[in-house]
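Structural overview
Here is what each chain is made of, one letter per residue.
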Amino acid sequence: MLNLYQTLAIAVLALWVGDMLKKRIRLLERFCIPSPVIGGLLFALISLAVHLTGAFDLRFDDTLKEVCMVFFFTSVGFQANIRTVRQGGRPLLMLLALVAIAIVVQNLAAVGVAMAVGLDGMTGMTAGSIPMVGGHGTAGAFGPLLEQMGVAGAATLATAAATFGLVAGSLMGGPVGERLIERYHLTNSSDDNETEVPEVGKQSTASQRLHTSYTIAVFQLIAAIGIGTLVSKALSLTGLTFPIYIGSMIVAAVIRNYGEHTNRFTIPMHQISDLGDICLSLFLGMAMVTLRLWELADLALPLLLLLTAQTLLMFLFAQFVCFRAMGGDYDAAVMTAGFCGFGMGATPNAMANMQAICEKYRHSVKAFLLIPIVGSMFADFINSVIITFFINALQA
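Rules used in this analysis
- Residues numbered from 1 in each chain as written.
- Predicted model: local features only at pLDDT ≥ 70, side-chain atom pairs only at ≥ 80, totals over all residues.
- Heavy atoms only, no water.
- Helix = DSSP H or I, 4+ residues; strand = E, 2+ residues; numbered from the N terminus.
- Expected span 1.5 Å × (residues − 1).
- Buried < 20%, exposed > 50% of the residue type's maximum accessible area, 1.4 Å probe, protein only.
- Contact = heavy atoms within 4.5 Å.
- Arc of directions from axis to C-beta.
- Polar contact = N/O pair within 3.5 Å; in protein donor to acceptor, adjacent residues only side chain to side chain.
- Patch = residues over 30% accessible without salt bridge, like charges linked within 9 Å, V, L, I, M, F, W, Y side chains within 5 Å.
- Areas by Shrake-Rupley, 256 points an atom, 1.4 Å probe, with all protein chains shown as cover.
- Salt bridge = Lys/Arg side-chain N within 4 Å of Asp/Glu carboxyl O.
- Axes fitted to C-alpha atoms, helices over the stretch in contact; angles between N-to-C directions.
- Left-handed = near helix turned anticlockwise from the far one by under 90°.
- Nonpolar A, V, L, I, M, F, W, Y, C, P; charged D, E, K, R; others polar.
- Phe/Tyr/Trp six-rings, centres within 6.5 Å; stacked < 30°, edge-to-face > 60°.
- Lys NZ or Arg CZ within 6 Å of the ring centre and 35° of its normal.
- pLDDT = per-residue confidence, 0-100.

1. Thoughts on helix α7 (residues 135-148)
Because the α-helix completes a turn every 3.6 residues, residues three or four places apart line up on one side. Over its 14 residues, α7 extends 20 Å from the first C-alpha to the last, a length consistent with the 20 Å expected when each residue adds 1.5 Å. Extensive coverage of α7 is indicated by the burial of 11 of its 14 residues. A positive phi of about 105° marks G150, the residue just after α7.

2. With respect to the environment of I371
Turning to its location among the elements, I371 is positioned in helix α15 (residues 365-395). Each C-alpha atom, one on I371 and one on M354, is 9.5 Å from the other, the two residues being 17 residues apart in sequence. Once you skip the residues sitting within four places of it in the chain, I371 turns out to touch L95, M335, G338, F339, F342, A350 and M354.

3. Some points on helix α1 (residues 4-24)
Relative to the 30 Å expected for 21 residues at 1.5 Å per residue, α1 spans 30 Å between its end C-alpha atoms, a close match to the ideal helical length. The complete set of buried residues in α1 reads T7, I10, A11, A14, L15, G18 and K22. End-on, the buried residues of α1 take up no more than an arc of 150°, which puts them together on one face. Turned more than 90 degrees away from the buried face of α1, the exposed residues are Y5, W16, K23 and R24. A distance of 3.1 Å separates the backbone nitrogen of Y5 from a side-chain oxygen at the start of α1, and that oxygen is part of N3.

4. Quick notes on a nonpolar patch on the surface
On the surface, a cluster of nonpolar side chains totalling about 410 Å² of accessible area is made up of L312, F315, L316, F320 and V321. Along the chain, L312 falls in helix α12 (residues 300-325).

5. Some words on the packing of helix α4 (residues 63-77) against helix α11 (residues 269-289)
Two numbers describe how α4 lies on α11: the axes approach to 8 Å, and their chain directions differ by 145°. When the axes of α4 and α11 are compared, the crossing they make is left-handed. Contact with α4, carried on its side by L64, K65, C68, M69, F71, F72 and S75, involves I272, G276, C279, L280, L282, F283, M286 and A287 of α11 and no other residues of that element. Taken together, the residues of the contact of α4 with α11 break down into 12 nonpolar, 2 polar and 1 charged.

6. Details of the environment of V50
Inspection of the secondary structure assignment puts V50 in helix α3 (residues 35-53). Between the C-alpha atoms of V50 and L13, which are 37 residues apart in sequence, the distance is 19 Å.

7. Considerations on the packing of aromatic side chains
Aromatic rings considered in pairs are described by the distance between their centres and by the relative angle of their planes. As enumerated under the stated definition, the model contains 9 aromatic pairs in all. Relative to F339, the ring of F317 lies with its centre 5.7 Å away and its plane at 25°, an arrangement referred to as stacked. Taken together, the positions of F317 in helix α12 and F339 in helix α13 (residues 330-344) put the pair 22 residues apart, joining distant regions of the chain. Like F317, the residue F339 is buried in the burial classification. Ring geometry for F389 and F390: centres 6.0 Å apart, planes at 90°, overall edge-to-face. Residue classification places F389 among the exposed positions, given a relative accessible area of 58%. What makes F390 buried here is its relative accessible area of 9%. R362 extends its terminal NZ or CZ atom over the ring of Y330, reaching a point 4.1 Å from the ring centre.

8. Focus: the confidence of the model for the protein
This prediction gives the protein a mean pLDDT of 86; 92% of its residues lie at or above 70. Ranking the helices and strands of the protein by mean pLDDT puts helix α6 (residues 121-124) first, with 95, and helix α2 (residues 26-30) last, with 75.

9. Concerning the pattern of salt bridges
For side chains bearing opposite charge, pairing can occur when the charged atoms are close. For the structure on display, the rule yields 4 salt bridges. Measuring nitrogen to oxygen at the nearest pair gives 2.0 Å for the salt bridge that ties K360 to E178. Remark: E178 occurs in helix α8 (residues 154-183) and K360 occurs in helix α14 (residues 347-360); sequence separation between them is 182 residues.

In structure tokens, the structure reads:
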């Protein structure tokens, strides 16, 4: 049994190994596979080999995994900026609506296919929007919650589905966007190459100010988490099931928007995002190294069917819903390629997809402004709310 300090150290080692392999293996870099997933999966395979020998099973104290998870999702809550939504106007609201619709459809498909192959709906949720739109972060958060509800190996299933989604989203996005551009002859749309992307903030280079900003960021995160526990407790009184971090996300969003509306205090968003990224890496590292891959054996075929259904669903939704709803022009085609990325993987996948399209044709300011806002600021928030609704509906 490894204690929490040793577990954390192994997670960091997995991060280092994953980062090293990602730099040396171009395929991993191309598909934007996270370093924690690479190194953690390697360690999980070692654990599987040890288990198969019958010698012993590695056990971990993953207490800090939950702490890092809560810190990360609290940082996501700070990204929910009402002012940004207003500035984005109708296209941003439309994209937010499309994300919400895609999340609902993904979960309906997952539950439906799972029941069709003889599994329960909760097991199907491990291949729904939890790993698809949510990626590894949400998979690691909701997986243990589903396990507490009796879904054996839920964390492992959701993580495996998230890894599949990263690859599928990257493979799909570029070809889908290119096909739309060529099919509808969108290369001659009004050029926006010279348009400047608005600058959303500057980070101070002064050492003293930088140190102070990180201190404020840590204090604000801790305050949001502390108050958030009370909100989560109040929400639990409704009889519904919520992830442990939902209260902290809500409080963080309130702090962000109140601070910006009143100008009474500063929200150091760059520093909060940096701390959130660190916590996400540590969280994913611990989530991956503690995987018990042998629990996947009995569900390998059903999981493959579920993931095939999700891939087909995203392919159709992106082309026939997202593209048309966003205007059917060149910007819409680029955004559709990005939608495939974070709809099945993560925002970095979306950016990589759009970059590949724009390198071949031309830049799209609109796409590179809206997709990161939705993917990094609001997708996880919307996803958590909808997942919670589905879980409680399935429990009823």
